[in-house]
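Chain by chain, the residues run as shown.
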Amino acid sequence: MISLLLSVGVILLWRRTVTLRRRIDRLEASLARRGDALGAVATAAPTAAPTVAPPPIPPPPSLITEPTPAVAAPAVESPAPSASPPAVGRSEAAQGWEVVVGSSWLNKAGVLIFVTGLALLLGYSMAHVGPLGRVAMGFGIGTTMLAAGMAIERRLADRAYGHGLVAGGWAGIYVTTFAMRALPAARVIDSDLVATLLLLAVASAMVWHSLRYRSQIITSLAYLAASVPLGLTPLSTFSLIAALPLAVSLLVVSQRFGWSGLSLLGLGTTYILFALRASGVAALDLQASLRYVLLGTYWLTFEVADIITARDRPADGGSRITSLFGANAIGSIGCLLLLEPFDDQRRGPLVVAGAALCYLAAAVVRARLRRASSQADVSNRPFDTSHAALALSAALMAWAIGLRFEGPRLMIGLLLETQLLFVSALAIGDRQIRRVGMAVTSLVTFQALAASLAVLPAQMDWPWPMSTWTPWIALVAACWYANDELLRRRGIVADLPERSYTWVASVLVCLIITRDVPSDYSGLVAMVFALGLLIAGTRPAAAYRYQSYVVLFVGVRGVFLVLPENRSSSTEAAWPILLAAVTVAYAFGWWAARHRSVMSNSERQLVAIEAGTASVALLAAFEWRVVPRPSLGGTWAITAACLATFGEWRRIAGARWQAYALAAAATLRALSAIAWDASASTVWAGVAIGALFATGLVSRNGVRRGLASGATSAAFDRAARITVIVSATLLLTVLLADRLSANLITMSWGLEGIVLLVVGFLIRERVLRLSGLALLFLCILKLFVYDLRELEALGRIMSFVVLGLVLLGVSWTYTKYKEQLQKLL
């Protein structure tokens, strides 16, 4: 009865609307004819015969309220131009929005509200109407609206109104079919399978009808009218299943005609309905596994639809329909988060891993379609939906690994995922896949760095006590080195993040050495590691060389840090460690000098300075550790002379520079022993002085070659050699002053000056001659400042006599051999 009354009401409303529409059309036509007649009269010539005004056109009968007297004038003057036509235009413009609102918007809103009321009516419990009667009522109302809409939409003027009724009719039929199983008050079907098949049948009919009309408005209105009641009805498992046929039918139509907005509308409505129904366990008595299956079904439906569309989408990206990938990913992952899989330690990782595998399969399918439709180079392919699907798969798999594992196993799982992505990218030749892998690589790197910096208890004892993290951190470093080698061997230009592979690996190795290697050996092990990096860097891999310079500094610093201030408290293994460190340092410098061709000038200078400084510092520390203190200065001086001789023999400037540095240390040590240690050995002091003279003299030819070739370091080399000779002279002068009595100091200094002059003349060494002259002037100064006042008479006389003879002899020599000296100078 109620359905009949509603049907009659709809029909009466439709007839009244049609009548009003016809009257409006006749009124508009009459006003248009009157405007045309007035325009013709206004444009007539002034001499023309008087014209008879046309009889007035009576208004439509429905709008006449009083009798209108007839007007019959034989002739009238042409009326003045009036504003009637513009008035009509303004009236039409003013009434346009009102007509749109009244005829279109109210129609659609009425359909939505009416279908929602129908759903509520089906669920309302009435005493005299059973479930079958409510179903019949719903089908009757829906069928009546559908038939009325089909009849009305045939008229061109009433097509929009008819489309609204058609949409409402199909929505009413779908909601009634849904209520036959979902609503207790209208339940006549107990089987979910039968109810689902009926919904599929109704959805198929809706698709067929939408394809006939080709109207996006009617399709979207029908879908909204059907989906809104699903969201208002009581919660049930079937309500979630019932949304699937509706979404499939909408996708078929929208993809067929390229209606992107309609596709996004269906996708969003489906996921919103799922989020409202399945996110809370208390709100819906639904098994967790079934919720995941339904969510996966929704995702698969929209993904398949988008992949089918992508198969026909042009390779240049131009398409009339937008991809559903982004919206589908947001909806599916958002709903997955609402289901809170991380709260279930047993099922959660499997669910997330399953989602990751689904996105991986989607990435593979999309990549194959992309490759089939485009012949472009894979390595230069831009980031597309296949890469986005792979990125989501990688993120979900990392999440699943984080839910399932912890500690070192978590890092190993992420490392395995990273390497699979990297190897796959190399096999396919796709740079974008490598970039996706770098995102997971950063996670592994941060975790490895955090574990390396953390203070963890030693749990392993092979080959020495170490943390259980150490082997796995070393494995991460080895993988990063291997990745860099693979990129280089294949000739692939690495991205900026990929260039950090070896740097990160070297940092990890250094952290392992610092934390897990015993402190006495950590510096030495770091130096050996630096040598290995240098050897690897002499190939076309400059990054290894740069890393070796940093690691060498760290290693040398570590060796010196373990040296105790008091040698008696050091371990017995101190001198073997120092000897091994010296060997490694010299091997480092030797290898760098042998492969100088791969280095720039600035890099060669840097290596020479660093390797030389490290070598001489470690050598000095080794001798300080094993040589007794009284003979330390002499030992350092002898070593300096040996280094200078070796540098002159092999023509290695770096060896001479090391000799100069060690000679400076020997000078300071010998000077302190002479000045402040009364028990210092005169023999070792003399040995140090002789070795220093030998160091300066042996380096003479090397300095001359450098000056002749214009080497940049020649000036430094020359100044350092002069400093060594002057230092030896100073030491000898101080030694004579410390070991001889006051009466003999002036004479001994004079004799020293004579010896230096003679030797300087013989070997043509100007520095020795100038040193001798300086000593003689020092003697003259001391003679008149100190000796004349402080010494005894005999000592004073001897000093004056001897020094006078010496000065006369020197003067005679310069006078007699003046021409020869000019050549020497």
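What you see is a predicted model, and the numbers here were worked out from it, not measured in a lab. (Residues numbered from 1 in each chain as written. Predicted model: local features only at pLDDT ≥ 70, side-chain atom pairs only at ≥ 80, totals over all residues. Heavy atoms only, no water.)

Engineer: Which parts of the structure should I look at to understand the overall build of the chain?
Structural biologist: Scanning the chain from N- to C-terminus turns up 29 helices and two strands. Taking the intrachain contacts of the chain between residues at least 6 apart in sequence as the baseline, contacts between residues at least 24 apart amount to 72%. For the chain, the computed accessible surface area is about 42800 Å², with 67% contributed by carbon and sulfur atoms. (Helix = DSSP H or I, 4+ residues; strand = E, 2+ residues; numbered from the N terminus. Contact = heavy atoms within 4.5 Å. Areas by Shrake-Rupley, 256 points an atom, 1.4 Å probe, with all protein chains shown as cover.)

Engineer: Quick question: what am I supposed to make of helix H19 (residues 574-594) here?
Structural biologist: Residues spaced three or four apart along an α-helix point in a common direction, a consequence of the helix completing one turn every 3.6 residues. Compared with an ideal rise of 1.5 Å per residue, which puts 21 residues at 30 Å, H19 spans 30 Å between its outermost C-alpha atoms and is within 8% of the ideal. Along H19, the residues classified as buried are Ala-574, Ile-577, Leu-578, Ala-581, Val-582, Val-584, Ala-585, Phe-588, Trp-591 and Ala-592. Looking at the buried positions of H19, the neighbouring elements they touch are helix H17 (519-537), helix H18 (542-561) and helix H20 (601-626). (Expected span 1.5 Å × (residues − 1). Buried < 20%, exposed > 50% of the residue type's maximum accessible area, 1.4 Å probe, protein only.)

Engineer: Looking at this structure, I do not really get the packing of aromatic side chains. What am I missing?
Structural biologist: In this description, a pair of aromatic rings is defined by centroid distance and the angle of the planes. Tallying each qualifying case throughout the model produces twelve aromatic pairs. Between the aromatic rings of Phe-646 and Trp-649, the centroid separation amounts to 6.0 Å while the plane-to-plane angle is 70°, which identifies the pairing as edge-to-face. Taken together, the positions of Phe-646 and Trp-649, both in helix H21 (residues 632-650) and three residues apart, correspond to about one turn of that helix. The exposure class assigned to Phe-646 is partly exposed, which follows from its relative accessible area of 38%. Here the aromatic residues Tyr-271, Tyr-298 and Phe-302 are joined through ring pairs into a cluster of three or more. For Arg-650, the ring lying beneath its charged end belongs to Trp-649, and the centroid distance is 5.2 Å. (Phe/Tyr/Trp six-rings, centres within 6.5 Å; stacked < 30°, edge-to-face > 60°. Lys NZ or Arg CZ within 6 Å of the ring centre and 35° of its normal.)

Engineer: Where do I start with the nonpolar core in this structure?
Structural biologist: The tendency in soluble globular proteins is for nonpolar side chains to be buried as a group. In terms of nonpolar packing, the biggest core is built from 98 residues, with Val-476, Trp-480, Met-527, Phe-529, Phe-588, Leu-618 and Leu-662 touching the most fellow members. Per-element accounting of this core gives the leading share, ten residues, to H20. In this structure Leu-618 touches Met-527, Val-556, Val-559, Phe-560, Ala-581, Val-582 and Ala-585, once residues within four positions along its chain are discounted. Counting residues in each nonpolar core, the second largest holds 40 residues, with Phe-274, Tyr-292, Phe-302 and Leu-403 among its members. (Core = buried A, V, L, I, M, F, W, Y, C linked by side-chain atoms within 4.5 Å.)

Engineer: Hey, could you run me through the pattern of salt bridges in this one?
Structural biologist: Oppositely charged side chains can pair when the atoms bearing their charge come close. For the structure on display, the rule yields 15 salt bridges. The shortest N-O distance in the salt bridge between Asp-495 and Arg-431 comes to 3.8 Å. With Asp-495 in the loop between helix H15 (470-489) and helix H16 (501-516) and Arg-431 in helix H14 (residues 431-453), this residue pair connects regions lying 64 residues apart in the sequence. Note on Asp-495: relative accessible area 14%, which makes it buried. (Salt bridge = Lys/Arg side-chain N within 4 Å of Asp/Glu carboxyl O.)

Engineer: What am I meant to see in the environment of Ala-136 here?
Structural biologist: For Ala-136, the location among the structural elements is in helix H3 (residues 131-152). Since its relative accessible area comes to 47%, Ala-136 is described here as partly exposed. A C-alpha to C-alpha distance of 8.7 Å links Ala-136 and Thr-176, two positions 40 residues apart in sequence.

Engineer: What exactly am I supposed to notice about the side chain of Thr-635 here?
Structural biologist: Positionally, Thr-635 belongs in helix H21. On the basis of relative accessibility, which here comes to 15%, the residue Thr-635 falls in the buried class. If near-sequence neighbours (up to four positions away) are discounted, Thr-635 is found in contact with Glu-623, Val-627 and Trp-684.

Engineer: Would you take a moment to explain the packing of H14 against H15 for this structure?
Structural biologist: When two helices pack together, their arrangement is given by the angle between their axes and by how far apart the axes lie. Between H14 and H15, the least distance of the axes is 10 Å, while the angle of their chain directions is 150°. For the pair H14 and H15, the crossing hand works out as left-handed. Seen from H14, the contacting residues are Arg-434, Thr-441, Val-444, Thr-445, Ala-448, Ala-451 and Ser-452; seen from H15, they are Ile-473, Val-476, Trp-480 and Leu-487. Here the contact of H14 with H15 is built from residues that sort into seven nonpolar, three polar and one charged. (Axes fitted to C-alpha atoms, helices over the stretch in contact; angles between N-to-C directions. Left-handed = near helix turned anticlockwise from the far one by under 90°. Nonpolar A, V, L, I, M, F, W, Y, C, P; charged D, E, K, R; others polar.)

Engineer: Help me out: how do you make sense of the confidence of the model for the chain in this one?
Structural biologist: When pLDDT drops low, the exact placement of atoms in the prediction is not to be read closely. Confidence along the chain averages 75 in pLDDT terms, with 63% of residues attaining 70 or more. Within the model, pLDDT remains below 50 along residues 97-105, and this stretch shows four contacts once partners closer than five positions in the same chain are excluded. Across residues 566-571, confidence stays below pLDDT 50; counting only partners more than four residues off in sequence or on other chains, it has nine contacts. (pLDDT = per-residue confidence, 0-100.)

Engineer: Could you clarify how one ought to interpret unusual backbone geometry in this entry?
Structural biologist: The phi angle of most residues is negative, glycine excepted, and most peptide bonds adopt the trans form. Of note in this structure, Arg-651 is not a glycine but carries a positive phi near 55°. In this structure, Arg-764 takes a positive phi of about 55° despite not being glycine. Structurally, Arg-764 can be placed in the loop between helix H26 (742-763) and helix H27 (766-790).

Engineer: Can you help me understand the side chain of Arg-656 in this one?
Structural biologist: Take Arg-656: it is sitting in helix H22 (residues 653-676). Setting aside residues no more than four positions away along its own chain, Arg-656 makes contact with Gly-647, Ser-699, Gly-702 and Asp-717.

Engineer: I would appreciate a short explanation of the packing of H14 against H16 in the present structure.
Structural biologist: Close contact between H14 and H16 brings their axes to 10 Å; oriented N to C, the two are set at 20°. As far as their axial angle goes, H16 and H14 are roughly parallel. Along this stretch, H14 crosses H16, giving a crossing that reads as left-handed. Contacts from Met-438, Thr-441, Thr-445, Ala-448, Leu-449, Ala-451, Ser-452 and Leu-453 in H14 reach Tyr-501, Val-504, Val-507, Leu-508, Leu-511 and Arg-515 in H16. (Parallel < 35°, antiparallel > 145°, perpendicular 65-115°, else oblique.)

Engineer: Can you help me understand a nonpolar patch on the surface in this one?
Structural biologist: Taken together, the side chains of Trp-503, Tyr-546, Val-550, Phe-553 and Val-554 define a hydrophobic patch exposed on the protein surface, amounting to about 480 Å² of accessible area. Positionally, Val-554 belongs in helix H18. Owing to a relative accessible area of 39%, Val-554 belongs among the partly exposed residues under this scheme. (Patch = residues over 30% accessible without salt bridge, like charges linked within 9 Å, V, L, I, M, F, W, Y side chains within 5 Å.)

Engineer: Just checking my understanding: could you explain the environment of Ala-644 for this structure?
Structural biologist: Relative to the helices and strands, Ala-644 is located in helix H21. The sequence separation of Ala-644 and Thr-695 amounts to 51 residues, and the corresponding C-alpha distance is 5.8 Å. Ignoring sequence-local partners within four residues, the contact set of Ala-644 consists of Ala-659, Thr-695, Val-698 and Ser-699.

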